[in-house]
Amino acid sequence: MSHLLPLSRVARLVGESRSALQRMIKQGEIATFDGKVDMEELLRVFPDIQWEDDGEYKRVEEIKRKAFGKRIMERVLPDKEVLAERLFELGKEFASAKSLLLYHDQVFGWLGSKLDDFSDCGEDAAQKVADLKKWLRQTLSELPSEAERSQALLAQESVMRVMSAQVTVRPSGHEFFVEGNDTVLEAALKAGIPLNYGCSNGNCGDCKVRLLSGQVKKVHPHDYTLKETEKANGTFLMCSYTAITDLEIEASVAGAADIPHQEIQAKVKWVEPINEQMMALHLTTPRSQRLRFLAGQYLTLEAGGASGEYYVASCPCDDRQLTLHIRRNNRPFARKVFDDLRKEDTVGVSGPAGNFVFNLDSRAPVIFVAWEDAFAPLKSLIQHAMSLEISENMYLYWIADQTGHYRDNLCRSWADAYDNFFYAPLSAREDVEINVSRILANYADLSEYEIYVAGPAMLLEALKKEACARGLPASRWHAELIV
Ligand code: FES
C-alpha cells in the first residue's frame, strides 16, 4: 500500500532543505507523484537515515522527559482540543489500517485451509503445498528489516502530523507548518509567507481565505461576520483558526502594493556597536502592533526630533523584532544613534516603502550583490529566501571598503551551514569593472538566473550591461539605487 508524503514533511524527516530535495527531483534522483514522495522511494533514496535522530522525535522525547512542563507544552504542543482532534483523525486512520490488517489475517487463514484441500492431490502436489504453507508461515513470522524501517518512518510521520499540520497555499504552492497554538496566519507569517491580513484579531476580514481541503478549528473568537455564501464555500479567517489536519487553502500572496502604510512606536532593544562605522539598531514593536513589510523595503525612523530612512536588515518572518544598520555620518538620525540612543528609548517607525522585493514566484538561482552598508536590504532578502527555501542556489558578493564587511562572520556562517549558499567578499578599492568581471566570471549564461543588486549608479550600470550581454532577462534584474 503506497503512502505519499508531501515534500515539506520529507524535508523534515530526512533533515534536508526543500530546495535540496527539489534539486534531487529535478535531477531524477527522487521520483514523485503529484509532487509527493512515496515512502518506499524515500527509504530507497535515504537508506542510512536514522529516524530516531529526527528533530520531531527529539522534541517528543524532551516533552516526555520534562513531564509536560508548562513552558514546553505552550511552546511545542497544540492546544488540548486541537491535539485531541488530531489524535482522533490519526485514530481513524489507524482503525482503518487495523481492520484491513485483520481482514488480511483472515484471508491468510482461509488460504491455509484452501491449501489443505490440495493435500490429497498426489504426493508431489502435497509436498509442494506443504512447502508453500511453510514458506507462508515463515514469511509472516519474520518482519523484514525493510518493514522495520517503514514502521520507524511511519511512526515519525504520525508524530509529525500530531505535532504540526502542513498548509499548502494555492495557486502559489508555498508550504508552511502550523505548530503549537499558532493560528494559520501566525504560522504563515513565521514562515515568511506574506499572506494578506489587517487587524490580526478578527475584526477586518482581510485575512479571509478559502479552504480547499482539510479541517480547521476556531481558536479565537471574531467579530467580523462572514456571508452565508462565504461560509458555504469554505471561507475562514486565518487569524481566528488553526489547522487540525493538513490543509490546502486558496490565498493570494501580498506584493509591495498590498502592504498598507503603518505608524508604530517601537522600543529600542539594543544599540549594537559593530565597528567604528556601523551600528545595528534592534527595535521591538508593541505586542499588538506588528509591522507588515517585505524583505528589501525601507522605513522612516524618528527619535528625539531626528529622522532618517533605513532599510530593514531583518527577516519579515519576525515582524516584531526589527534590525536596521546605521552608518556613521552627519545625518541627524545617525548622529542620534551613535551619540545617545539607549535601550528602552522610543523610536517612531513609519512605512514600509520601496519595491526592491523578492520575486516569490521564481525558483531560479539568485545572485545578490551588495555595496558597503547596502548589505542591509540584501541581508533581509537572503534571510527571507532562506526561510522560504525557494531558491535553488544563492550567491552573495559583497563589495565594501569604508564600512568593512561588517557582518562577514554571518555570511561565512551561511556559507558553512547551507550547501546551496556561496559567499565572496570583494574590495570597493578595486575598479567597478574589475569587480563586475570577478562577479560574472563564473556565469557565461545568465538566462536562468535572478540578480538582486543594491549600490551606486556606477555599479548598477556596469553590472546590468555585462549581465544583459550574458543573457539575463530584463524581468530578472532587480536593482536598488543607493545614493
Ligand atoms: S486580520 Fe483582520 S480579521 Fe483576520
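Predicted model, so just to flag it, every value in this text is computed and none were measured. (Residues numbered from 1 in each chain as written. Predicted model: local features only at pLDDT ≥ 70, side-chain atom pairs only at ≥ 80, totals over all residues. Heavy atoms only, no water.)

**Examining the sheet that holds strand β10 (residues 262-273)**
Moving on, step 1. The strand order β13-β12-β15-β10-β11-β14 describes an open sheet built from 6 strands, whose pairing is antiparallel. Both edges of this open sheet fall to β13 (306-311) and β14 (321-327), since each of them pairs with a single strand only. Each neighbouring strand pair of the sheet contributes to a mean axis angle of 35°, computed without reference to strand direction.
Moving on, step 2. Pairing analysis gives 6 bridges linking β10 to strand β15 (residues 346-353), with the strands arranged antiparallel. (Pairing = 2+ DSSP bridges. Helix = DSSP H or I, 4+ residues; strand = E, 2+ residues; numbered from the N terminus. Axes fitted to C-alpha atoms, helices over the stretch in contact; angles between N-to-C directions.)

**With respect to the environment of Ala-165**
Moving on, step 1. Assignment of secondary structure puts Ala-165 in strand β3 (residues 164-170).
Moving on, step 2. Sequence spacing of Ala-165 and Glu-16 is 149 residues, and the spatial spacing of their C-alpha atoms is 19 Å.
Moving on, step 3. If we ignore the near neighbours within four places in the chain, the residues touching Ala-165 are Arg-9, Arg-86, Phe-176, Phe-177, Val-178, Ala-243, Thr-245 and Asp-246. (Contact = heavy atoms within 4.5 Å.)

**A look at unusual backbone geometry**
What you tend to see is this: most non-glycine residues have negative phi, and most peptide bonds are trans.
Moving on, step 1. Here the bond from Arg-170 into Pro-171 is cis, since omega is 5°, no more than 30 degrees from zero.
Moving on, step 2. Here Pro-171 is to be found in the loop between β3 and β4 (175-179).
Moving on, step 3. If you check the backbone angles, Glu-344 has positive phi at about 80° while not being a glycine.
Moving on, step 4. With respect to the secondary-structure elements, Glu-344 resides in the loop between α11 (332-339) and β15.
Moving on, step 5. The backbone of Glu-372 sits at a positive phi, close to 45°, despite the residue not being glycine.
Moving on, step 6. Position of Glu-372 relative to the elements: it lies in the loop between β16 (366-371) and α12 (375-388).
Moving on, step 7. According to the relative accessible area criterion, Glu-372 is buried, its value standing at 5%. (Buried < 20%, exposed > 50% of the residue type's maximum accessible area, 1.4 Å probe, protein only.)

**Comments concerning helix α6 (residues 80-116)**
Moving on, step 1. Taking 1.5 Å as the rise per residue, α6 with 37 residues should run 54 Å; its terminal C-alpha atoms sit 53 Å apart, in good agreement.
Moving on, step 2. Within α6, the full set of buried residues consists of Val-82, Leu-83, Arg-86, Glu-89, Leu-90, Gly-112 and Leu-115. (Expected span 1.5 Å × (residues − 1).)

**Some words on a nonpolar patch on the surface**
Moving on, step 1. A cluster of nonpolar residues, Tyr-103, Val-107 and Trp-110, forms a patch on the protein surface that exposes about 300 Å² of accessible area.
Moving on, step 2. Structurally, Trp-110 is set in helix α6.
Moving on, step 3. Residue class for Trp-110 comes out partly exposed when judged on its relative accessible area of 46%. (Patch = residues over 30% accessible without salt bridge, like charges linked within 9 Å, V, L, I, M, F, W, Y side chains within 5 Å. Areas by Shrake-Rupley, 256 points an atom, 1.4 Å probe, with all protein chains shown as cover. Salt bridge = Lys/Arg side-chain N within 4 Å of Asp/Glu carboxyl O.)

**So, the domain arrangement of the protein chain**
Moving on, step 1. Once the domains are mapped, the protein chain shows domain 1 (4-49), domain 2 (84-158), domain 3 (162-256), domain 4 (258-353) and domain 5 (366-481).
Moving on, step 2. Taking only C-alpha atoms, the centre of domain 1 and the centre of domain 2 are 28 Å apart.
Moving on, step 3. Taken together, the contact between domain 1 and domain 2 spans 10 residues of the former and 7 residues of the latter.
Moving on, step 4. When residues of domain 1 are sorted by the area they lose upon contact with domain 2, Leu-13, Met-39 and Leu-43 head the list and together hold 68% of the total.
Moving on, step 5. The tally of links between domain 1 and domain 2 comes to 0 salt bridges.
Moving on, step 6. At the boundary of domain 1 with domain 2, the tally comes to 0 residue pairs in polar contact (both at pLDDT 80 or more).
Moving on, step 7. At the level of elements, α1 (7-14) and α3 (39-45) are the ones that each hand at least two residues to the side of domain 1 that touches domain 2.
Moving on, step 8. When grouped by side-chain class, the residues that make up the side of domain 1 that touches domain 2 number 8 nonpolar, no polar and 2 charged. (Domains from an automatic or database assignment. Buried area = accessible area lost by both parts, 1.4 Å probe. Polar contact = N/O pair within 3.5 Å; in protein donor to acceptor, adjacent residues only side chain to side chain. Nonpolar A, V, L, I, M, F, W, Y, C, P; charged D, E, K, R; others polar.)

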